[in-house]
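An overview of the molecular structure
Below are the chains, spelled out letter by letter.
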Amino acid sequence: MQKIKSLMTRQGLKSPPESLSDLGAFESLRVPGKEEFRELREQPSDPQAEQELINSIEQVYFSADPFDIVQYELEKLPPVLNLQELEEYRDKLKQQQAAVSKKVADLILEKQPAYVKELERVTSLQTGLQLAAVICTNGRRHLNIAKEGFTQASLGLLANQRKRQLLIGLLKSLRTIKTLQRTDVRLSEMLEEEDYPGAIQLCLECQKAASTFKHYSCISELNSKLQDTLEQIEEQLDVALSKICKNFDINHYTKVQQAYRLLGKTQTAMDQLHMHFTQAIHNTVFQVVLGYVELCAENTDTKFQKLQYKDLCTHVTPDSYIPCLADLCKALWEVMLSYYRTMEWHEKHDSADAASASEGSNVMSTEETNFDRGYIKKKLEHGLTRIWQDVQLKVKTYLLGTDLSIFKYDDFIFVLDIVSRLMQVGEEFCGSKSEVLQESIRKQSINYFKNHHRIRLDELRMFLENETWELCPVKSNFSILQLHEFKFLEQSRSPSVSPSKQPSATSSKPVTLFEQYCSGGNPFEIQANHKDEETEDVLASNGYESDEQEKSAYQEYDSDSDVPEELKRDYVDEQTGDVPVKSVSRETLKSRKKSDYSLNKVNAPILTNTTLNVIRLVGKYMQMMTILKPIAFDVIHCMSQLFDYYLYAIYTFFGRNDSLESTGLGLSSSRLRTTLNRIQESLIDLEVSADPTATLTAAEERKEKVPSPHLNQLVILTSGDTLYGLAERVVATESLVFLAEQFEFLQPHLDAVMPAAKKPFLQQFYSQTVSTASELRKPIYWIVAGKAIDYEQMLLLMANVKWDVKEIMSQHNIYVDALLKEFEQFNKRLNEVSKRVRIPLPVSNILWEHCIRLANRTIVEGYANVKKCSNEGRALMQLDFQQFLTKLEKLTDIRPIPDKEFVETYIKAYYLTENDMERWIKEHREYSTKQLTNLVNVCLGSHINKKARQKLLAAIDDIDRPKR
C-alpha cells in the first residue's frame, strides 16, 4: 500500500494519510483484486468527474498520522439520524472509494513494466554476488599455498635490491654535489660571455639543488659561495646596465632585462637605469668639455679635472666653442637616443608579454607582471622630462659660460642652429617646449641681434650715402631664392634639420629625428659649407644675359627701315630734322606702346648693390628668425626697420619737395605721409649732436635711431640733359618697388613664424608701409615732369596772344607748337635715358601723365591770365586745345588724356548763365580762386551786370575762406 501512496504522490495526486489496509473495518472499502481492477478500468468514466471526487475527499484521509476512521465518521454523525441522509452520505463515500480505486488501478497497471524490469535486475545482481563469492574463496586458497611456498632466500634478494636502489640514489647525489662544486668555473665563463640570464639561471638552479642536499655538511659552504656569486653577478649586471646609456644594443639590453626578470628585480633595474642615465649625462658633458679645455689650454699646470662643470665651461676658448658645442650635443643625443630606444624596446616587448600572458592561466603571475609593466611604463614616461631637464641645464650652463656677443653673425647663427636643433630633439623626445633653453638663448639672441641690427643700420646708411644709383646688372630670371641667404626657403625641410639629412619620404606624416637617425648618424654633425661649391649665378654683363642677346637687341634698335613715314613726320624735330625715336621692326611696333622705353633692354629687375645687400640682410634675419622662433617678432621688427629706412632714404633723396603738396593734386597719399611721419619719428635721428642734458631715456631712444642719410654728391639731379637725374631716380624708385615685391613674396613665411599675438603688427606693416612703396613714384617723377618742360615759357607765349579777336580763327596759336615741341624733346630725352636704364611702362606712364597734367593746368593758368576775351577768342582757345590733344595722342598711348576735362570744362564755363555759373563755381572747387575770379571778371563780364558779378565774386570768396 505504501507503493500505491508513492505512485500517487509522483503523479501529483492527494494520497490518504494511512495505508488502505486501515480501511479494513469497512468491507466496502477493501482493496480490489486484479479482475476488479480490470473491470474498473473497463468501466466508462469521466476523468474530470473522478478528479473532482478525489479532490472532494477530506484532508484528514491524506494525513500521515494514524487515526480511527470509523470513530471519525461516527463522531461526524448528527445527534438525530436520518436514514435518507445516511444513505446519500454512504453513496458519496462509495463513489469516492470507487474513484480512488480506479485511479490506483490505473497507476499500478502503468508501472507494471518498470516493476518487471527492476525485478529482473535484482535477480541478475544476486547471480553476480554468488560468482564473486566463489572467486574470493579461490583467491584465499591460493594465497595460503603461496605463503607456505616462500623461503628465506627470496626475502634476502628483495633486501639486496632495496640496498642497490639506495646506493644508486647516493651516487647520483654525489655526482650532483661534484657538479655544484665546479659551477663557479662555468659561471665565470658565462659572465665573460655576457650571458647574464644563463648565469643567473644556472646559479638559481644550483641554489635549488643545494637546498635539496642541505643535509650534507659540504653543502653549507657551497650555499654561501653561490650567494656570493649571485651578488657578483648582480654587480656586473648593474655595470652592463650602465653601458646601455651611451650605446644602446638590443641584444645586450634583452639579456640584461631577462637577467633582472629571473632575479625578480625588474623595478629595481628600472630605478638603477634612470640613475645611470643621470650619471651618464653629467659624465658625458664633463668629459667633452674637459677634452676641449685641456686641448686648447695655454696653462697646462691647471688641474681642470677638479673644477666644477660650471667653472670648466668658462675656460672654453672662442675658437673651440662651436666644435665643443656640436660634440656636446652629439654626446647628449646619443644618451637621449639610447633612452628613446629603451622605451621602444619596452613598448614592443610589453605588448608581446601582454599577448602571451592573456593565453596563460596563472592569474596571480599575470597580475604581478601587469603591475611591473605599469610601473616601468610610468617610470620611463616620467624619466623623459627628467632627462630632458638635465640636458637643458647642462647646455644652458655651457652657453652661459661664454659671451656670445664675441662671435660673428654666421657663427652666432650656427650656434643658434645647433641649439634650435637640440630644442627640436627635446620636443620630439618628451613633447617639452624647452623653456629653460629658450629663455636662455632668447635673452642672448635679442641682445646680440639688437647690437648686430644697429651696426647693420649704420652700414645701410653708409651704403645709401655712397650709392650712385647705378643699375646692378642681374639676369632676367633673377630670384632671391638664388641667393645663398635664402637657400633654406628652397629646401622643404624643418629649419633645424640639415639639408643633407633631409629624408625623401613621400608620406604626409613627418619623420622625426629619432626615426631618421635611429639606425645611425647624428643630427648634430657639422655640415660642410656648400657656399664654396655653389656660385650665385645671378649677375649679367651690361644688362644682358649674353653678348649675342646684347648685339641682337641693338641691331633691332638701330633698324628703321620699316617705320611708317607718318610716325617719322610726327617725331621730326622742326629745327634739326632728327627723328628722336629710334626705329624698331614692324612687328615690334604693332605690339609695343609709345610709352614703353624698355624694348632695347632685357626685362631684368631694376635694383642696386644696396638693394641686394638689404635683401641679403633680410635673408640672414629670416635665418635667425626661423631657427629661433621665440624672437621672431623682434627680428621681423628689425626687418621692417630696414625697409623703412630704405624707403625714407629714397623719399629724402628724390621725392622730398615742399612745393609738391601746394599743387593740390594729392601726389602723396595720406597713407604715404602717415608712413613717412611714423618712420621719421620712430627711426630717424634728426638731432646732429647729443644733448648732454638729455635724460637717460631720451639717450636710449636716440641710440635706437639712425641719422637721416644724405645723397651722394656724385649724383646730379639738376641737369636737364639727364632729365634731372631720371636714370638715378628710376633705379632708386624701382629698386624700392622691387624690394617691396620681395617682402610681399616673403609674407607667408613671415606670417608662419610670427606669434599670433603679434600678427597685427605684421599686417599693419604690409598694409601701411610695404604697399606704399609704389606710391613714391608719383612725387619722385613729378619733380622730373615739373622741370622737363618749360611751362613758364608757355605762359609767356600765351600772354602774347590776342584773345579779343572779332572773327573765328582757323589757325592755332604758336604756343601750341612750342608746347608740342617740348613734349617731343621730352620724348627724345626719355629714349636717351632708356639706353642707360630700362624705363618700365608704369614709370613712363606716370611721367607722361605728370607732364600732360602740368601742361593742361598751365594752359588753364594761361587762360586765367587773359585780360580781354571775346566769344571768338574762347573758340580759339578750344581750337588750340584740340590741336594740342590731336598731336599729343600721337606721342603717347595714355588714355584718357589726364585733366582733359579740367581744360574743357573751364573753357565751356564761359557760356554759362548767371544762375548756372553760381552753381558751377560751388561744384568745381578744383580751380584756384584766381582762375575763378578771372572767369567771372573777364569772360563773363560781357554778358552779366555788375551786381551779378559781385554776387559771383562773393561766392568765390566764400569758397576760398576755409582754405586760408
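Residues numbered from 1 in each chain as written. Predicted model: local features only at pLDDT ≥ 70, side-chain atom pairs only at ≥ 80, totals over all residues. Heavy atoms only, no water.

Under an unreviewed UniProt entry, the name given to the protein is Coiled-coil domain-containing protein 132, and the source organism is Cricetulus griseus.

1. Observations concerning the overall build of the protein
Each helix and strand counted, the protein has 37 helices and 2 strands in total. Element-wise, carbon and sulfur atoms account for 51% of the exposed surface of the protein, whose accessible area totals about 52700 Å². (Helix = DSSP H or I, 4+ residues; strand = E, 2+ residues; numbered from the N terminus. Areas by Shrake-Rupley, 256 points an atom, 1.4 Å probe, with all protein chains shown as cover.)

2. Looking at the confidence of the model for the protein
Residues with a pLDDT of 70 or more make up 76% of the protein, whose mean pLDDT is 78. Within the protein, helix α27 (residues 726-753) carries the highest mean pLDDT (93), whereas helix α20 (residues 565-571) carries the lowest (37). Low pLDDT, under 50, characterises residues 528-533; the predicted model gives this stretch 1 contact beyond four residues in sequence or across chains. In the model, residues 543-592 has pLDDT below 50 throughout and makes 72 contacts with residues more than four positions away in sequence or in other chains. (pLDDT = per-residue confidence, 0-100. Contact = heavy atoms within 4.5 Å.)

3. A short note on the pattern of salt bridges
In this structure the tally under the stated criterion is 29 salt bridges. Measuring nitrogen to oxygen at the nearest pair gives 3.5 Å for the salt bridge that ties D458 to R454. Of the two residues, D458 and R454 are both situated in helix α16 (residues 435-466); the distance of 4 residues between them amounts to about one turn of the helix. Between E470 and R836 there is a salt bridge, with its nearest N and O atoms 3.8 Å apart. Of the two residues, E470 is situated in the loop between α16 and α17 (487-490) and R836 in helix α31 (residues 814-836); the sequence distance between them amounts to 366 residues. A residue is classified by how much of its surface remains accessible, and E470, at 44% relative accessible area, is partly exposed. (Salt bridge = Lys/Arg side-chain N within 4 Å of Asp/Glu carboxyl O. Buried < 20%, exposed > 50% of the residue type's maximum accessible area, 1.4 Å probe, protein only.)

4. Points about the packing of helix α22 (residues 609-627) against α27
Packed helices, taken two at a time, are described by the angle between their axes plus the distance between the axes. Interaxial distance between α22 and α27 falls to 11 Å at its minimum, and their mutual angle equals 5 degrees. Classified by the interaxial angle, the pair formed by α22 and α27 is roughly parallel. Where α22 abuts α27, its residues T611, V614, I615, V618, M622 and M625 lie against S735, F738, L739, Q742, F743, L746, H749, L750 and V753. Here the contact of α22 with α27 is composed, by residue class, of 11 nonpolar, 4 polar and no charged. (Axes fitted to C-alpha atoms, helices over the stretch in contact; angles between N-to-C directions. Parallel < 35°, antiparallel > 145°, perpendicular 65-115°, else oblique. Nonpolar A, V, L, I, M, F, W, Y, C, P; charged D, E, K, R; others polar.)

5. Notes on the side chain of R729
In this fold, R729 is placed in helix α27. Buried within the structure, R729 lacks any salt-bridge partner; E728 is the closest side chain of opposite charge, at an N-O distance of 7.1 Å. A polar contact is formed between the side chain of R729 and the backbone oxygen of F654, at a distance of 2.8 Å. Not counting chain neighbours up to four residues away, the residues in contact with R729 comprise F654, L717, Y724, I780, Y781, I783 and V784. (Lys, Arg positive; Asp, Glu negative; His and termini not counted. Polar contact = N/O pair within 3.5 Å; in protein donor to acceptor, adjacent residues only side chain to side chain.)

6. Side note on the packing of aromatic side chains
Within the structure shown, the criterion is met by 33 aromatic pairs. Seen from their ring centres, Y340 and F514 are 4.7 Å apart, and the 25 degrees between their planes marks the pair as stacked. Residue Y340 is located in helix α13 (residues 318-359), and its partner F514 is located in helix α18 (residues 513-516); the two are separated by 174 residues in the primary sequence. When sorted by exposure, Y340 lands in the same class as F514, which is buried. Consider the rings of F902 and Y927, whose centres lie 4.5 Å apart with planes at 20 degrees: the pair is stacked. Highlighted residues: F902 in helix α34 (residues 900-908) and Y927 in the loop between α35 (914-923) and α36 (929-939), separated in sequence by 25 residues. Side by side, F902 and Y927 carry an identical accessibility label, which is buried. Linked through ring pairs, F277, W333, Y339, Y340, F429, F514 and Y517 together constitute an aromatic cluster. (Phe/Tyr/Trp six-rings, centres within 6.5 Å; stacked < 30°, edge-to-face > 60°.)

7. Some thoughts on the nonpolar core
Of all hydrophobic cores here, the largest spans 224 residues; its most connected members are F823 and F884. At 17 residues, α13 tops the list of elements feeding residues into this core. With near-sequence residues (within four places) excluded, F823 lies in contact with I789, W848, C851, I852, A855, F884, L888 and L891. (Core = buried A, V, L, I, M, F, W, Y, C linked by side-chain atoms within 4.5 Å.)

8. Re unusual backbone geometry
With an omega of -5 degrees, the peptide bond between R895 and P896 qualifies as cis. Along the chain, the position of P896 falls in the loop between α33 (871-891) and α34. In this structure, Y724 takes a positive phi of about 60 degrees despite not being glycine. Residue position: Y724 is located in the loop between β2 (706-707) and α27. Here Y724 falls in the buried class, since its relative accessible area comes to 15%. The phi angle at D899 is positive, at roughly 60 degrees, despite the residue not being glycine. Tracing the chain through its elements places D899 in the loop between α33 and α34.

9. Observations concerning a negative patch on the surface
Among the surface-exposed residues, E344, E347, E381 and E515 lie close enough to one another that they form a single negatively charged patch. Checked against the element boundaries, E381 lands in helix α14 (residues 363-400). (Patch = residues over 30% accessible without salt bridge, like charges linked within 9 Å, V, L, I, M, F, W, Y side chains within 5 Å. Charge placed at Lys NZ, Arg CZ, Asp CG, Glu CD.)

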